[in-house]
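# Summary of structural features
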Amino acid sequence: MNRLTSKLQNLKENNKKALVAYLVAGDPDLDTTLDLMHLFVDSGVDVIEIGVPFTDPIAEGPTIQKAHDRALKNNISLKMILELVDKFRETNTETPIVLMGYLNTFISHIDLVQSIGENSADSILVVDVPGELNLQTYGITNPNINTISLISPTTKDDRVESIAKNSTGFIYYVTLRGVTGSSNLNIEEIKTNIQKIQQYSDAPTMAGFGIKSVEDASTLAACSDGIVIGSSIVEMIADESKTKEFGRIGEYLREMKTAIS
Amino acid sequence: MGAEDVRRQSLNVYRIKLLGAHVHPVDSGSATLKDALNEALRDWVTNVDDTYYIIGSVTGPHPYPMIVRDFNSVVGKEVIEQSKDLFGKMPDAVVACVGGGSNAMGIFHPFIDIQETRLIGVEAGGEGVSTGEHAAPLNDGTPGVLHGARSYLMQDESGQVKDTKSVSAGLDYPGVGPEHSWLKDIGRAEYVAVSDDDALKAFHEVTELEGIMPALETAHAFAYLEPLMKELDSSANVVVNVSGRGDKDINTVAEIDGIEF
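It should be emphasised that the depicted structure is a prediction, and the values quoted were computed from it without experimental measurement.

### A few points about the pairing of strand β2 (residues 47-51) of chain A
It is a general feature of regular strands that their side chains alternate between the two faces of the sheet. All names here are of chain A. For β2, the tally of buried residues reaches five of five residues, placing the bulk of the element in the interior. Side-chain alternation along β2 places Val 47, Glu 49 and Gly 51 on one buried face and Ile 48 and Ile 50 on a second face that is also buried. In this sheet, β2 lies alongside strand β1 (residues 18-24) in parallel orientation, the contact comprising five bridges. Each residue of the ladder has a partner; that of Tyr 22, found in β2, is Glu 49. Pairing of β2 with strand β3 (residues 97-101), which is carried by four bridges, proceeds in the parallel orientation. Looking at β3, one finds that Ile 48 is bridged to Ile 97.

Written as structure tokens, this is what we have:
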């Protein structure tokens with residue numbers, strides 16, 4: 001079974017919520033990204049989401065945009081990111097890895113994505129395709145890679161069903177109207193919408209975008225199968241990119257983990 | 001608007017402000033049209049409940065290319081009617097500049113089934129297509145996805161979108177409307193490129209000889225008349241689409257000519 005699917009099933013069976021943590025590959029450099037991935041796991045992260053840098057990341061707020069720019073200055077490519085995952089897998093074969101990026105990167109590397117084996121990345125989240133489409137639409141049929149579709153607060157009911165059915169990994173519920181790192185969470189709306197999604201699909205639903213505080217984390221974990229943290233971490237990585245003292249990130253993730261437990 | 005375009009299109013910006021609108025300069029990326037589009041999309045998803053997104057060119061996701069094409073195609077229909085009166089037949093060629101390609105698509109579309117009329121789109125050759133410093137994806141691009149459309153795109157082998165270079169703000173875009181890519185692939189339209197220098201020369205010539213000051217975008221179409229007329233019979237009827245007026249570009253041209261106001 002796919003590593004991501006089995007991990008999320010396992011958490012659900014034990015009545016636990018998933019902590020998904022995001023970082024951009026190659027920000028500030030690939031060696032540091034590898035260290036941070038291990039730090040994530042040691043701090044209680046269940047799933048690692050690796051941002052694949054793109055020149056035009058339209059769903060990202062300023063914090064993650066800048067991280068993409070920094071990674072691109074290092075000429076980070078998808079091939080290098082898969083090599084990074086291989087290195088990570090040398091010592092960790094447990095933690096599921098999701099690649100999150102933009103369609104043009106993946107369709108520019110169809111052969112590479114097709115060749116992803118069992119012991120590599122487990123899922124791909126393409127931000128800029130309609131939820132009913134996935135990489136199969138573009139000729140990528142790798143059975144080792146499952147798909148994650150996004151549903152937003154403005155997705156119409158009839159589309160929620162078809163998008164939910166299209167997700168084989170998890171459903172990513174975008175918790176707000178906006179880009180990553182915004183701050184206008186409407187908890188009541190989020191609860192209602194996630195309940196609606198769960199009526200249509202058995203796939204786990206993760207809540208992401210704009211989750212910063214332990215309060216947000218605990219409230220949203222209560223009505224979903226887990227939460228995704230991105231911009232807050234990326235900001236801390238940027239702050240400490242010179243000193244590379246990332247203790248604060250570990251502390252923050254442990255607090256988040258406690259908040260959703 | 002990209003901060004670079006706010007500078008070089010300052011007259012247009014002033015006009016927009018006189019009409020009561022706010023203009024937000026965008027500093028991210030190359031600070032030109034592509035980055036303004038990224039930022040408009042980000043603003044839209046944030047304020048989607050009370051904001052309508054509309055794009056001024058024939059690109060973006062369906063149905064935007066169709067909407068813009070259909071509204072602009074009144075120009076092509078008018079040319080067909082006037083050609084009957086003026087020439088007693090259809091023109092031998094229609095020439096239009098292509099950035100995103102809205103004015104070109106507007107004049108080309110009603111002519112698609114009129115095979116006797118050559119359709120010629122002129123892209124921004126910048127420093128010259130062979131230098132890579134240009135904005136001519138139909139001449140020197142490969143298929144890719146940007147801003148919700150799959151079309152010819154200026155990108156590197158990793159699928160990252162390349163920076164563009166053109167003296168003309170309106171042509172300075174790495175993508176192009178998908179219907180132009182289709183017309184290129186089926187061979188119905190020809191797409192050529194004209195350098196900054198040749199466009200500037202045409203700007204001066206048309207202004208001096210015709211008393212019509214064309215936009216720098218339009219000047220690209222005029223510049224192509226020189227090679228085109230050499231291959232056509234002297235009795236040929238050629239229509240050039242004058243997509244815009246050049247007073248907006250007067251600062252750019254004056255700066256190049258070394259003139260200070």
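### Focus: the interface of chain A and chain B
In this assembly, 19 residues from chain A lie in contact with 19 residues from chain B. Only α3 (62-73) and α5 (103-107) of chain A provide two or more residues apiece to the side of chain A that touches chain B. The element best represented in the side of chain A that touches chain B is α5(A), accounting for four residues. Looking at the side of chain A that touches chain B residue by residue, the class counts come to seven nonpolar, nine polar and three charged.

### Things to note about helix α2 (residues 30-42) of chain A
At 3.6 residues per turn, the α-helix brings residues three or four places apart onto the same side. Residue and element names in this part refer to chain A. In this model, α2 (13 residues) spans 19 Å end to end at C-alpha, consistent with the 18 Å of a helix rising 1.5 Å per residue. Buried within α2 are the following residues: Thr 33, Leu 36, Met 37 and Phe 40. Looking straight down α2, one finds that the buried residues subtend no more than 105° of arc, so they occupy a single side. Turned more than 90 degrees from where α2 packs its buried face, Asp 31 and Asp 42 sit exposed. Those residues of α2 that are buried lie in contact with β1, β2, α4 (78-91), α10 (231-239) and α11 (247-260). A positive phi of about 105° marks Gly 44, the residue just after α2.

### A look at the nonpolar core
Core analysis: the largest hydrophobic core is formed by 147 residues, its most contacted members being A:Ala21, A:Ile81, A:Ile227, B:Val94, B:Val95, B:Phe108 and B:Val122. In terms of residue count, the dominant contributor to this core is β1(A) (seven residues). Excluding residues that lie within four positions of it along the chain, B:Val122 makes contacts with B:Val95, B:Cys97, B:Val98, B:Val192, B:Ala193, B:Val194, B:His220, B:Ala221 and B:Tyr224.

### Concerning the confidence of the model for chain B
Mean pLDDT over chain B stands at 95; residues scoring 70 or higher make up 100%. Here the predicted complex scores 0.94 on pTM and 0.92 on ipTM.

Cut-off values and rules
Here, residues in each chain are numbered from 1, in the same order as that chain's written sequence. Think of it this way: whatever chain is written first is A, whatever ligand is written first is 1, and the rest follow in order. Note on the predicted model: pLDDT of at least 70 is required for a residue's local features to be given, and 80 or more for side-chain atom pairs to be given and counted; whole-chain, interface and lining totals, by contrast, use all residues. A residue is called partly exposed when the number of other C-beta atoms within 10 Å of its own lies between 12 and 20, exposed at 12 or fewer, and buried at 20 or more, with C-beta atoms placed from the backbone. Secondary structure is summarised from DSSP: a helix means a run of H or I of at least four residues, a strand means a run of E of at least two, and numbering begins at the N terminus for each. Strand pairing is defined by DSSP finding a minimum of two bridges between the two strands. This entry defines residue contacts through backbone-placed C-beta atoms, with two residues in contact when those atoms are within 7 Å. Three classes are used: nonpolar for Ala, Val, Leu, Ile, Met, Phe, Trp, Tyr, Cys and Pro, charged for Asp, Glu, Lys and Arg, and polar for all others, with Gly counted as polar. How far a helix is expected to stretch is found by multiplying one less than its residue total by 1.5 Å. When we speak of the arc, we mean the arc of directions from the helix axis to the C-beta atoms. A set of buried residues drawn from Ala, Val, Leu, Ile, Met, Phe, Trp, Tyr and Cys, joined through C-beta atoms within 7 Å, is what defines a nonpolar core. On a scale of 0 to 100, pLDDT captures the predictor's confidence in every residue.

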